[in-house]
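# Analysis of the macromolecular model
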Amino acid sequence: MGASLMSVLTLVSKDFVALIMVSIIIAVPIAWYFANNWLQSYAYQTDLSWWIFAGSGVLLIVISLITVGYQAFKAASANPVNSLRSE
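Residue indices follow the written sequence of each chain, beginning from 1 at its first position. Local features are withheld for residues below a pLDDT of 70 in this predicted model, meaning they are given only at 70 or higher, and side-chain atom pairs are given and counted only at 80 or more; totals for whole chains, interfaces and linings count all residues. Calculated side-chain values reflect all of the structure's heavy atoms, with hydrogen atoms and water omitted.

Our focus in this paragraph is the overall build of the chain. Along the backbone of the chain there are three helices and zero strands. Secondary structure is summarised from DSSP: a helix means a run of H or I of at least four residues, a strand means a run of E of at least two, and numbering begins at the N terminus for each. Ordering the α and β elements of the chain from the N terminus gives α-α-α. Compactness check: the chain gives a C-alpha radius of gyration of 20 Å against a globular reference of 12 Å for 87 residues, more than 25% above the reference. Dimensions of the chain, computed from C-alpha atoms along their principal axes, come out at roughly 65 × 25 × 15 Å. Classification of residues uses two cut-offs on accessible area relative to the type maximum, computed with a 1.4 Å probe and protein chains only: under 20% is buried, over 50% is exposed, and between them is partly exposed. Counting across all 87 residues of the chain, residues that qualify as buried make up 13%. Note on contacts: a residue pair is in contact if any heavy atoms of the two residues lie within 4.5 Å. A separation threshold of at least 6 residues defines the contact pool for the chain, and within that pool the share at least 24 residues apart is 67%. In this treatment the radius of gyration is a C-alpha quantity, and the globule benchmark scales as 2.2 Å times the residue count to the 0.38 power.

Encoded structure:
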């Protein structure tokens with residue numbers, strides 16, 4: 001009758017991952033520029049590695065997929081009769 005849980009999770013997570021990827025593409029160059037300028041003001045200078053930004057982006061995507069997946073699972077497995085009774 002309705003959509004399966006996996007199809008709902010796929011549709012919801014695909015939209016969120018696209019938004020997160022856009023935000024990562026915008027934020028990484030800005031963060032690299034400001035962090036690099038800030039780190040160059042110290043006597044002992046260090047370079048920023050690409051894996052710091054890649055790791056934070058992957059961690060952000062994993063956390064968002066877990067959160068969205070949990071909320072979608074909770075909404076898909078809820079009994080609609082209970083929500084209709086309370087309205």
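A separate point is a nonpolar patch on the surface. Side chains of V22, I26, I30, W32, Y33 and F34 sit close together on the surface and give an oily, nonpolar patch of about 630 Å² of accessible area. Mapped onto the elements of the fold, F34 is located in helix α1 (residues 5-39). By definition, no residue in a patch forms a salt bridge, and every one has over 30% relative accessible area; like charges are joined within 9 Å, nonpolar side chains (Val, Leu, Ile, Met, Phe, Trp, Tyr) within 5 Å. The accessible surface values rely on the Shrake-Rupley method and a 1.4 Å probe; as for residues, cover is taken only from the protein chains in view. Criterion for a salt bridge: a side-chain nitrogen of Lys or Arg within 4 Å of a carboxyl oxygen of Asp or Glu.

Here we take up the confidence of the model for the chain. The predictor attaches a confidence to each residue, and that confidence, scored 0 to 100, is pLDDT. Here the chain shows a mean pLDDT of 85. Residues at 70 or above account for 92%. Predicted confidence in the chain is weakest over helix α3 (residues 80-86), with a mean pLDDT of 75, and strongest over helix α2 (residues 50-76), with 89.

A word on α2. A helix's residues, less one, multiplied by 1.5 Å, set its expected span. Across its 27 residues, α2 extends 38 Å between first and last C-alpha, which sits within 8% of the 39 Å expected from 1.5 Å per residue. Looking at α2, one finds that the buried residues are F53, G57, I61, S64, V68 and A72.

Turning our eyes to something else, we now look at the packing of aromatic side chains. What characterises a pair of aromatic rings is the spacing of the ring centres plus the angle enclosed by the ring planes. Stacked, edge-to-face and tilted are the three classes for Phe, Tyr and Trp ring pairs, Trp counted by its six-membered ring, which pair at centre distances within 6.5 Å; planes under 30 degrees apart are stacked, over 60 edge-to-face, the rest tilted. Per the stated rule, a full pass over the model turns up two aromatic pairs. Between Y33 and F34, the ring centres sit 5.3 Å apart and the planes meet at 75°, which makes this aromatic pair edge-to-face. Consider the rings of W38 and Y42, whose centres lie 5.6 Å apart with planes at 80°: the pair is edge-to-face. Relative accessible area serves as the criterion here: at 53%, W38 is assigned to the exposed category.

Okay, the environment of L48 next. Locating L48 in the fold gives a position in the loop between α1 and α2. Given the relative accessible area of 23%, L48 is considered partly exposed. Each C-alpha atom of the pair L48 and M6 lies 39 Å from the other, and the pair is 42 residues apart in sequence. When sequence neighbours within four positions are dropped, the list of residues in contact with L48 reads W32, A35, N36, L39 and F53.

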